Amino acid sequence: MSSALRPKRLLLVGGGHAQLFVLEALARVRVPGIMVSLVTPDVFQTYSGMVPGWMAGHYALRDCQIDLRPLARAAGVDLVIDTLARLDGDARCVQLASGRRLGYDLLSLAVGSETDTSWLELLGDRLLAVKPLPDFCAAWPRVLAAALQRPGLRLAVVGGGAAGVELALAARAAFAARQLSAEVSLVSSQQGLLPGRPTSARRYAMRALSRAGAHLHVGPATSVDDGLLLADHTRLKVDCVIAATGARPPAWFAASGLARDASGHILVDACQRSVSHPEVLVAGDASARAEPGLERSGVHAVRAGPILAENLLAILAGRPLTSARPQRRTLYLLSCGSRRAIAMWGNWSLEGRWVWYWKRWIDRRFVRRFTRSDPRPQVAPPRQEQAR
Ligand SMILES: Cc1cc2nc3c(=O)[nH]c(=O)nc-3n(C[C@H](O)[C@H](O)[C@H](O)COP(=O)(O)OP(=O)(O)OC[C@H]3O[C@@H](n4cnc5c(N)ncnc54)[C@H](O)[C@@H]3O)c2cc1C
């Protein structure tokens, strides 16, 4: 069939936050003459914001997961359970882990990021990276089982950012709920806890760790065969290390031919289009903007969702695209394990039990929005500016 006659192929890869908005939009607006597939390793998309709450026993795992099947069905999208292994941006095709090849006319990537564990490799099977989340969620019950069998199990969380703090506090809460004597240490970089966050929030986090009985070690650590060598040259012997050590892009980005920033993430413009391959749109942790200072977070991935969805539909319909400038200030809510949480906004922060209930409301609302069998939007999309 000549390419002018065949339907346009829209390929969605990864069920990340922004892709959920694409599925929602495709269910609302049926575009004639397109074939849409979604490649995802799993039928469930795990919502990271609730994972610490699951560890702490506040949620069942299923509460933190979005089933992609009804969303895909409602959107008329063919679900392909597989993993993208190679992308050839110039040839406009992908190769999946199964060996299957798929061509596309328009590609939407929301594949997130990986945990950078390169400097912890010596730990071997003691190392547990927080991403991919499904692997982490499969492994965490085994850590709990080991702690049950072995009193005094030593767990270290490496990474003093928001995820590291939440994971350390969630682990403490999980052990305390089972009256286990397991020890939890949090190892941060030289910059200490929550770098770049308000001093008050860092104090709240410090207080939460001390209240929970978790030990904090500040300063760069390296991995040794039986644990971590800390900045003060003491050896922290561990049975398990959870790595929350920051995001790195998947290795296959490098050979994609797509323009990337210095850290290897795919450079996009204000419309979420790859700056080198405009038929590729990227959102969430996988993407990078030319202007510096934009964090990788679920909040930004969610904000990019309506723009990604709108622009895919606009390209298919030949309409002008919509652009958005990411907000510099973002509300972050950090759970402290014991049904308390810290809220951060610019230089401002608050801590308390009610913050945890606020976070719970926001998180559950997000999951519920995409769990409906009738996936119509429940939240008004943000205001957008017209690019051209
Ligand atoms: C414990 C923890 C708690 C966090 N809490 C918060 C929070 O409260 N607020 C906040 O803003 N941020 C939070 N974050 C950060 C947040 O997780 C990320 O910034 C966010 O998940 C990025 O979203 P995304 O949509 O880009 O990717 P993801 O949510 O990671 O989704 C990517 C999807 O793509 C799939 N995928 C990956 N590779 C492939 C492939 N090759 N082929 C096909 N599919 C693929 C994955 O399976 C996954 O389903 C937290 C992170 C962690 C680790």
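A brief report on the enclosed structure follows. Keep in mind that this is a model prediction, so the values were computed, not measured.

With respect to the side chain of His 17
Piece 1. Its location among the elements puts His 17 in helix H1 (residues 17–28).
Piece 2. On the basis of relative accessibility, which here comes to 13%, the residue His 17 falls in the buried class.
Piece 3. Setting aside residues no more than four positions away along its own chain, His 17 makes contact with Gln 45, Tyr 47, Gly 298, Ala 301, Val 302 and Phe 366.

Overview of the nonpolar core
Piece 1. Membership of the largest hydrophobic core comes to 85 residues, with the highest contact counts inside it found for Leu 12, Leu 26, Met 55, Trp 140, Leu 155 and Phe 175.
Piece 2. The greatest single-element share of this core, amounting to nine residues, is contributed by helix H5 (residues 162–177).
Piece 3. No fewer than three residues from each of domain 1 (8–41 + 82–113 + 249–326) and domain 2 (115–243) sit in this core.
Piece 4. What Met 55 contacts, discounting residues up to four positions off in sequence, is Phe 136, Trp 140, Leu 167, Ala 170, Ala 171 and Ala 174.

Some words on the environment of Glu 295
Piece 1. Along the chain, Glu 295 turns up in the loop between strand E22 (287–289) and helix H7 (298–317).
Piece 2. Taking the relative accessible area as the measure of exposure, Glu 295 reaches 36% and is therefore partly exposed.
Piece 3. Taking the C-alpha atoms as reference, Glu 295 lies 9.0 Å from Arg 328; in sequence the two are 33 residues apart.
Piece 4. Among residues more than four places away in sequence, those in contact with Glu 295 are Arg 197, His 300 and Tyr 332.

Remarks on the pairing of strand E12 (residues 154–158)
Piece 1. Of all five residues in E12, four are buried; the element is thus mostly enclosed.
Piece 2. As judged from the five bridges shared by E12 and strand E13 (residues 183–188), these two strands associate in the parallel manner. When the sheet's bridge partners are listed, Ala 156 is paired in E13 with Ser 185.
Piece 3. As for the winding sense of the linkage, the β-α-β connection from E12 through H5 to E13 is right-handed.
Piece 4. In the sheet, E12 pairs with strand E18 (residues 240–243) via four bridges, with the strands oriented parallel. Its bridge partner lying in E18, Val 157 is registered against Ile 242.

What to know about unusual backbone geometry
Piece 1. Going from Lys 131 to Pro 132, the amide bond is cis rather than trans, its omega being 0°.
Piece 2. Residue placement: Pro 132 occurs in the loop between strand E11 (127–129) and helix H4 (133–149).
Piece 3. The residue His 233 is not glycine, and still its phi comes out positive at about 75°.
Piece 4. In this fold, His 233 is placed in the loop between strand E16 (227–229) and strand E17 (235–237).

What about empty space enclosed by the protein?
Piece 1. One pass over the structure, following the stated rule, counts one cavity of 30 Å³ or more.
Piece 2. Here the largest cavity defines a volume of roughly 50 Å³.
Piece 3. In terms of lining residues, the largest cavity is bounded by Gly 49, Gly 53, Tyr 59, Ser 335, Trp 356, Lys 359, Arg 360 and Asp 363.
Piece 4. When residues of the lining of the largest cavity are assigned to their parent elements, the largest contribution, four residues, is made by helix H8 (residues 353–369).
Piece 5. Residues of the lining of the largest cavity, tallied by class, amount to two nonpolar, three polar and three charged.

Cut-offs and rules
- Residues numbered from 1 in each chain as written.
- Predicted model: local features only at pLDDT ≥ 70, side-chain atom pairs only at ≥ 80, totals over all residues.
- Heavy atoms only, no water.
- Helix = DSSP H or I, 4+ residues; strand = E, 2+ residues; numbered from the N terminus.
- Buried < 20%, exposed > 50% of the residue type's maximum accessible area, 1.4 Å probe, protein only.
- Contact = heavy atoms within 4.5 Å.
- Core = buried A, V, L, I, M, F, W, Y, C linked by side-chain atoms within 4.5 Å.
- Domains from an automatic or database assignment.
- Pairing = 2+ DSSP bridges.
- Right-handed = clockwise from strand over helix to strand, strands pointing away.
- 1 Å grid on protein atoms, 1.4 Å probe; cavity = no way out; pocket = protein on both sides within 12 Å on 5 of 7 lines; lining within 4 Å.
- Points joined across faces, edges and corners; volume = space filled by probe spheres on them.
- Nonpolar A, V, L, I, M, F, W, Y, C, P; charged D, E, K, R; others polar.

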